[in-house]
Amino acid sequence: MNNFHTSKGRPSWILWIVIIAVIVSAPTILPVFRLNLLGRYLSLAIVALGVDLIWGFTGLLSLGQGIFFALGGYCAAMYLQLNSSGDFPNGIPEFFGLYGIKKLPFFWEPFHSSLFTVVAIWLIPAAVAALLGFLVFRNRIKGVYFSILTQAALLVFFNFFNGQQKLINGTNGLKTDVTLIFGQLVGSESIQRWLFWLTALLVIAAWSFSKWVVRGRFGNVLIGIRDDEPRVRFTGYNPTLFKTIIFAIAGGLAGISGALYTVQSGIVSPQFMTVPFSIEMVIWVAVGGRGTLLGAILGAVIINYAKSLISEALPASWMFIQGGLFILVVTALPEGVLGWIQGSGPRNLLSRLGISRYSATYPKLEMNHNQERD
Amino acid sequence: MTEFLLELKGITVKFGGFKALDDLNLSLRTGELRTVIGPNGAGKTTFLDVITGKVKPIEGDVYFKGKSLLKQREHRIARLGIGRKFQSPRVFEKLSVFDNLALAVAWPKKPIPLLLESTNRAEHARIDKLMSIVNLQAKSTVLAGSLSHGQKQWLEIAMLVGQKPDLLLVDEPVAGLTDEETDLTADLLKSLAGENTVLVIDHDMDFIRRLDSTVTVLHQGHVLCEGDMETIQKEPRVIEVYLGQPEEGIS
Amino acid sequence: MELILESLFNSVAIGSVLLVAALGLAIVFGLMGVINLAHGELMMVGAYSTYVIQLIFKLPILKPFYDIYILVAIAVAFIVSGVVGILLEQTVIRRLYGSPLETLLATWGVSLILQQFVRSVPLAYATGCVVTVFISLIFGTFVPKHLFQGSKGKLIKAGALSTSAIAGVLTGGLLGSLVSKLSRASARNVDVTAPAWMRGGVDLFGMTFPKTRLLIIVITLVSVVAVSFFLNKSVWGVRIRAVTQNRDMSECLGISTENVDILTFGIGSGLAGVAGVAVSLLGSVGPNVGGNYIVGCFMVVVLGGVGNLLGTVIAAFSIGLMTDLIGAGRLLTIWPSMPQPLASTVDFFSTTSMARVMIFALIVAFLQYRPAGLFPQKGRMVES
């Protein structure tokens, strides 16, 4: 049932060609500023995919994804800072000088290696998520308790990063746009273009990966946990394990997302771990359609684009619109836009208008993968 | 050491000050079909909760195949071979009938194999067989949530059997079923006994008569008496607490 | 001795702010299962009410009574936040009973709207809005229902609504013209100044206790006693507890569960308003004032366990105590000869923000042993 948003056959080929064409040509169509915004919002789509996996499929509403997002961003930024700090005194990033630090803190050391960094960007957030998740899930803390605890954890991480000037430059964060990669400034136009393509590629990869995760029985166990956890347990599955794994996966996705967002926005700071930002991630998924994966991507990109357009035009109104969106989507459109389209929404509308073209068959029947067996 | 598959010894469970189970003793032989009855509040569901690890007793012990279950968590107990059907049918409503059964049949029930491997041929065959037992072949791809009440009950029983348990705990399988469905369920459970050990909890006297098994009567948290339906019905203590007190009944 | 006394006083002071802020949240969560993320914004409403009342008492006619404005503010803040809360319950939360995660998201949306509301709407008109809602609520509750039915019903309804609307506009206009500070919208923080008798401190045992802190402790004490008296002794308290335990049964017994919901939520929100008064005495008041407290409040509720007032009280004061012990580095003062590695760790956590890190770690550790908090609910119903 999880692959109902892709139709098999020729139309999807055409769709893919269009998507690839758009991605490849985007840098020539869009002005640099807009391209950069689109790249950032695409990277946010990756964290939204993670939110969909844990909330849409497994029913765990995390309000702390910002932790893992920021951790990924910090990993990328630490590498870039080290990569371009050769000219500074002591060969360490400039900001250390402000606090009189002469020796690099120990945990910075491994970030000299690009290989380590590429792994750390997703592995560290995933490991932190796994640990945090295990401690919470083990005790069957779920529902709103889980949400509250993740929010508290978020605040704790925020406080920690905000207060540690001497270790990671505290509230100022780490800049990346003036650092070097492959001998060029990260903030330069050509690097940013490559980063856009990299982001688009990783969105597709993350989406395929997420689809693969929820495709078979593993995904069905997650849905089972969401709908009736005790039943899953009495069927012989250990929900704690499944929840920990999916929470770690979502954490890893958040880390990748945060790293991509950081290099495209030019800075990582504790602001990535504010309470509102993490809740916003949930609303992207809610509006797009939880449990649809594609909805998470569309929701993240469209809402953020709308946010930047509306904030430019009417700065005060965005908070009202966003607040209204939260209320509207849970009261009137719990399935989200994509869920509404795939579900009974448009058909109800059509039949209300007297032009129903559908008979009352089961919508997902013909798309179920289990039917394709011998 | 023992010929019993399941043994409960002196189980006591307390909720606050209330003793839901009070020194309960019960033994089940391998292959047996057993029915447990008792008035409301006799502790029938709590008794299942203890076996499946949902509730921990303050006294006593539960042995399954000679091993204590008290230290085990629910999913471990399920993997040891105890399957449970809940009072109201609990199936995964957002999954198809096939997917529901695929979850029950899957082995090992560990995340990584489930992620990497899809349902294999042998499992497909078993699922098909299970669906034919409970007459749901035609509904294979239908979401379980849209089945009728009786079909959900059967799907849940099929899931139970799919887990290949040695012991099936079945809580009120015929609540809300039509007479015809009740009879079919009774035949199904009887056919399962022998190969499996089955413990049924119910109120429906016709159904229990049809099961034709040893009956255990629970009252106020302990076993009042045990025997076949005939004996039980003649037992004055049972008549007093359960089977009907005409003079005080609904009049 | 002095050290311990000072530490104790600080802990109680921190704890009582947490407690009064968490009290409403604990009631709404414990009794209705509703997570209200707009609780902080209801506190903000209470804090702004205090500010408005203070300005009103600076008007020439009320000047002689300026000293007692804070007491009036407590009552007004309770009512204003309660009214806003009831409006919230009636419009949004009512539709979402039984789905706590959705409620959580919707109330977050409400909190965003409330924050932006105080930024973009002049306080005078905001007051007008509250008056309108308040009066129409009164019409809805106290005017007999049958008057709204029949041929004249619509007319009466329209009359009631327009009366409240006019009252609101008049209040807003009047307030705006009398107090110029209230007639412009501002996103900047405002300050509530305590009346003269509340400034300074009280000298006891050779130490000075700030009077504002003492007042907050008193407010908290009174709130807790009033709430527990109300829940345990009054008729409505019994009804509220009945609905919490078995909603359907209560309905069968003739309890209007709808009224119980309104009352419970109204009281919870009103208490947030009272907390807002307390908070306004501690620092400046701005749109974000509630957000600073909300996570702390949730920690109190999680630690204390659901549906138990005593748990909430103990949790609040233990978090207060821990904040003081860790955050102020008091462990080092109490035990100066601490071994070196331990001492540097304690020193590392001895700021307010790092203390939060430590306390969260301690709470998560505690939950490993008592997942349901200090006083968990018992029985068969809990799991399902």
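Residues numbered from 1 in each chain as written. Chains lettered and ligands numbered in written order. Predicted model: local features only at pLDDT ≥ 70, side-chain atom pairs only at ≥ 80, totals over all residues.

Draft legend 1. The interface of chain A and chain C, seen in detail. Of the residues lining the interface, 36 residues belong to chain A; the matching set on chain C comes to 33 residues. For the side of chain A that touches chain C, the element with the highest residue contribution is helix 6 (residues 143–163) of chain A, accounting for 15 residues. Here the residues of the side of chain A that touches chain C sort into 24 nonpolar, 11 polar and 1 charged. (Contact = placed C-beta atoms within 7 Å. Helix = DSSP H or I, 4+ residues; strand = E, 2+ residues; numbered from the N terminus. Nonpolar A, V, L, I, M, F, W, Y, C, P; charged D, E, K, R; others polar.)

Draft legend 2. Expanded view of helix 7 (residues 179–192) of chain B. Residues and elements named next belong to chain B. In this model, helix 7 (14 residues) spans 20 Å end to end at C-alpha, consistent with the 20 Å of a helix rising 1.5 Å per residue. Those residues of helix 7 that fall on the buried side of the exposure criterion are T182, T185, A186 and L189. Down the axis of helix 7, the sector holding all buried residues measures 100°, keeping them to one side. Residues of helix 7 that are exposed and angled more than 90 degrees away from the buried face: E180, D187 and S191. G194 sits one or two residues past helix 7 and shows a positive phi near 100°. (Expected span 1.5 Å × (residues − 1). Buried ≥ 20, exposed ≤ 12 C-beta atoms within 10 Å, placed from the backbone. Arc of directions from axis to C-beta.)

Draft legend 3. Looking closely at the interface of chain B and chain A. Listed per partner, the contact involves 29 residues of chain B and 27 residues of chain A. Those elements that provide at least two residues to the side of chain B that touches chain A are helix 2 (74–80), helix 3 (97–105) and helix 4 (111–116) of chain B. Ranked by residue count, the leading element in the side of chain B that touches chain A is helix 3 of chain B, at 5 residues. Within the side of chain B that touches chain A, the residues separate by chemical class into 13 nonpolar, 8 polar and 8 charged.

Draft legend 4. Seen up close, the environment of M319 of chain A. For M319 of chain A, the location among the structural elements is in helix 14 (residues 317–331). Residues M319 of chain A and R40 of chain A lie 279 residues apart in sequence; the distance between their C-alpha atoms is 21 Å. Ignoring anything within four residues of it in the chain, the contact list for M319 of chain A reads L112, Q115 and Q116 of chain C.

Draft legend 5. Structural detail: the nonpolar core. A45 and A48 of chain A, L101 of chain B together with A22 of chain C are the most contacted members of the largest nonpolar core, which has 290 residues in total. If one sorts the elements of this core by residue count, helix 1 (residues 2–32) of chain C sits on top with 17 residues. Apart from the residues lying within four places of it in its own chain, the contact partners of A22 of chain C are C297, V300, V301, T312 and A316 of chain C. (Core = buried A, V, L, I, M, F, W, Y, C linked by C-beta atoms within 7 Å.)

Draft legend 6. Seen up close, the packing of helix 2 (residues 32–57) of chain A against helix 8 (residues 189–215) of chain A. Residues and elements named next belong to chain A. Following both chains from N to C, one finds helix 2 and helix 8 inclined at 20°, their axes separated by 9 Å at the closest point. It follows that helix 2 is roughly parallel to helix 8 by the angle criterion. By crossing handedness, the relation of helix 2 to helix 8 is classed as left-handed. In terms of residue class, the contact of helix 2 with helix 8 is built from 17 nonpolar, 6 polar and 1 charged. (Axes fitted to C-alpha atoms, helices over the stretch in contact; angles between N-to-C directions. Parallel < 35°, antiparallel > 145°, perpendicular 65-115°, else oblique. Left-handed = near helix turned anticlockwise from the far one by under 90°.)

Draft legend 7. Examining the pairing of strand 1 (residues 201–204) of chain C more closely. Of the strand pairs in this sheet, strand 1 of chain C and strand 2 (residues 207–210) of chain C are connected by 4 bridges, and their pairing is antiparallel. Bridge pairing in strand 2 of chain C links L204 of chain C to M207 of chain C. (Pairing = 2+ DSSP bridges.)

Draft legend 8. Highlighting the sheet that holds strand 4 (residues 59–64) of chain B. Residues and elements named next belong to chain B. Spatially, the 4 strands line up as an open sheet ordered 2-1-4-5, and their pairing is antiparallel. The sheet is open, and its two borders are formed by strand 2 (18–29) and strand 5 (67–68), each paired with just one other strand. Pairing between strand 1 (residues 4–15) and strand 4: 5 bridges, direction antiparallel. Pairing of K9 across the sheet is with D61, part of strand 4. The strands that helix 1 (residues 44–52) touches are strand 1, strand 2 and strand 4; relative to strand 2, the one it contacts most, it runs at about 65°.

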